[in-house]
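Each chain is listed here by its residues.
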Amino acid sequence: WLSVSDPGGAAEGDLDGGREWTPEALDDEWAELLAALPNVDEDRIHAALLGGVPDAKRPRVWLEFSGAAQAMAARPTLYADLLEQVAASSASGRAETAVHSQIENDLRRTQVDRSARGASSRGERAGGSRSGGEGTGGEGTGGESDESEALGALRRVLRAFAAFSPSVSYVQGMNFIASGLLSQLDEAEAFWMLTLVVAEWLPGHFSPTMRGNAVDCHVLGALSRADCPHLAERLEALDVTVPLLATRWFLCLWVSVLPHASLLRVWDALFTLGPSATMQVALACMRVIRVPLLAASDVGQALGGAKESLRATDGGALLRTALLDVPRLSAADLAAWRTRGQQKASEEASSLEALRR
């Protein structure tokens, strides 16, 4: 993925935000960008993102730009090996029953895309072939069968991740992210993307203390105060904290927060531009919900208005805000902001500990 180096935001005219793309031109542009990796022009990527990623190219774009394709190539049998490990543990009675039980409970709460497995055979794949793991099963022939297949794929990806990273294991929220990935990718691809999301896009968010989530909420709060002081004052008056608004955004990576079509546009940006784009999208969401928050008279109105605004958000408009309007963050910028956020989170944790004594 790419780091964006201008911390001051895109100047007017820097990005070709007004270009009208034909489907053929957009397809050709993404083909050229993929061929040019890793030496690509950042503003050119931004302009192509505003045009959209063609559905057929989305899997390869996500995998190549994020680095998942390279990780898969380095360890091509890992996903299948993990599935065998999980199956052997289950057969011998050594399975992590608590983890598997939690996964099973959350599967019932996860809305799955019944066409997910079909998506894995449609788009262009990294390397030109499908790379599903062992035991993926056959295609469903009806709605119920398709749903069962989708749940089975989700179960395998989550169990494989828990086996791959026992220190993190499985945490609620991963089910939504994995389900969203499986709507576009096959199982092995979704597994590798999930490992990158947890480690690089959402570091520390799935730890027992959720410290990473607290840190990123502090960062978003600071950026939002600078971007819209009036909104920060209104939120304080309503006693609405940034974590109340944004915790789920991060933990689910906007799955079930945005309409699915808008989610795909957001993920196009996150997986091509890298982790720092996550905060730009979050700040763009704060702008989207600014009007209902400023008009709210109590906490319930504020949270309800924010939720409804995001559920009605057009992905293209949200990306324009994230890429053209809010300050642009580089990887170094995000690291610096997170260092400050770590200090704030540590101070809060110390204060809470002192109150418990």
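Small disclaimer: the values here were computed from a predicted structure and weren't measured.

(A) Local environment of the packing of helix α3 (residues 58-66) against helix α14 (residues 260-273). With their axes 8 Å apart at the nearest point, α3 and α14 run at an angle of 30° to one another. Of the possible angle classes, the one that applies to α3 and α14 is roughly parallel. Between α3, through Arg58, Val61, Trp62, Phe65 and Ser66, and α14, the contact on the second element is made entirely by Leu264, Trp267, Asp268, Phe271 and Thr272. Residues that form the contact of α3 with α14 fall into these classes: six nonpolar, two polar and two charged.

(B) Inspection of the nonpolar core at higher detail. One finds Trp249, Trp254 and Trp267 to be the most contacted residues of the largest nonpolar core, which totals 105 residues. Looking at this core element by element, the count peaks at ten residues for helix α10 (residues 187-201). If we ignore the near neighbours within four places in the chain, the residues touching tryptophan 254 are Trp249, Leu263, Val266, Leu270, Thr278, Val281, Ala282 and Cys285.

(C) Inspection of the pattern of salt bridges at higher detail. Going through the model one piece at a time under the given rule, you end up with 13 salt bridges. The residue glutamate 64 makes a salt bridge to arginine 60 at a minimum N-O spacing of 3.9 Å. Of this pair, glutamate 64 and arginine 60 both sit in helix α3, four residues apart, which is roughly one turn of that helix. Note on arginine 60: relative accessible area 27%, which makes it partly exposed. Residues joined in a network through salt bridges with shared partners are Glu29, Glu32 and Arg44.

(D) Representation of unusual backbone geometry within the structure. Note the cis peptide between leucine 37 and proline 38, where omega equals 5°. Looking at the element boundaries, proline 38 is found in the loop between α1 (23-36) and α2 (42-51). Positioned with a positive phi, serine 169 is a non-glycine residue whose angle comes to about 65°. Structurally, the position occupied by serine 169 is in the loop between α8 (143-164) and α9 (174-182). Overall, serine 169 belongs to the buried group, its relative accessible area being 14%.

(E) Region of the structure containing the confidence of the model for the chain. On average, residues of the chain score 87 in pLDDT, and 84% of them reach the 70 mark or higher. Here residues 1-14 is a poorly scored stretch, pLDDT under 50, and it has 40 contacts once near neighbours within four places are set aside; other chains count. Below a pLDDT of 50 lies the segment residues 114-122, which in the model reaches 21 contacts outside its immediate sequence neighbourhood of four places, other chains included.

Here is what the cut-offs are and how they apply
Numbers given to residues run from 1 along each chain, matching the order in which its sequence is written. At least 70 in pLDDT is required for a residue's local features to be given in this predicted model, at least 80 for side-chain atom pairs to be given and counted, and no such filter applies to totals for whole chains, interfaces and linings, which use all residues. Excluded from the side-chain calculation are hydrogens and water; included are all heavy atoms of the structure. For helices, the fitted axis covers only the stretch in contact; all axes are lines through C-alpha atoms, and the angles between them, taken along N-to-C directions, range from 0 to 180 degrees. The helix count covers DSSP runs of H or I at least four residues long, the strand count covers runs of E at least two residues long, and both are numbered beginning at the N terminus. Note on angle classes: values under 35 degrees are labelled roughly parallel, values over 145 roughly antiparallel, values of 65 to 115 roughly perpendicular, and the remainder oblique. We call two residues in contact when some of their heavy atoms are within 4.5 Å. Side-chain classes follow a simple rule in which Ala, Val, Leu, Ile, Met, Phe, Trp, Tyr, Cys and Pro form the nonpolar group, Asp, Glu, Lys and Arg form the charged group, and the remainder, Gly included, forms the polar group. Only buried residues count toward a nonpolar core, which is a set of Ala, Val, Leu, Ile, Met, Phe, Trp, Tyr and Cys residues joined through side-chain atoms within 4.5 Å. Working definition: with a 1.4 Å probe on protein chains only, accessible area under 20% of the residue-type maximum means buried, over 50% means exposed, and in between means partly exposed. By salt bridge we mean one thing: a side-chain nitrogen of Lys or Arg within 4 Å of a carboxyl oxygen of Asp or Glu. Here pLDDT means the predictor's own confidence in every residue, given as a number from 0 to 100.

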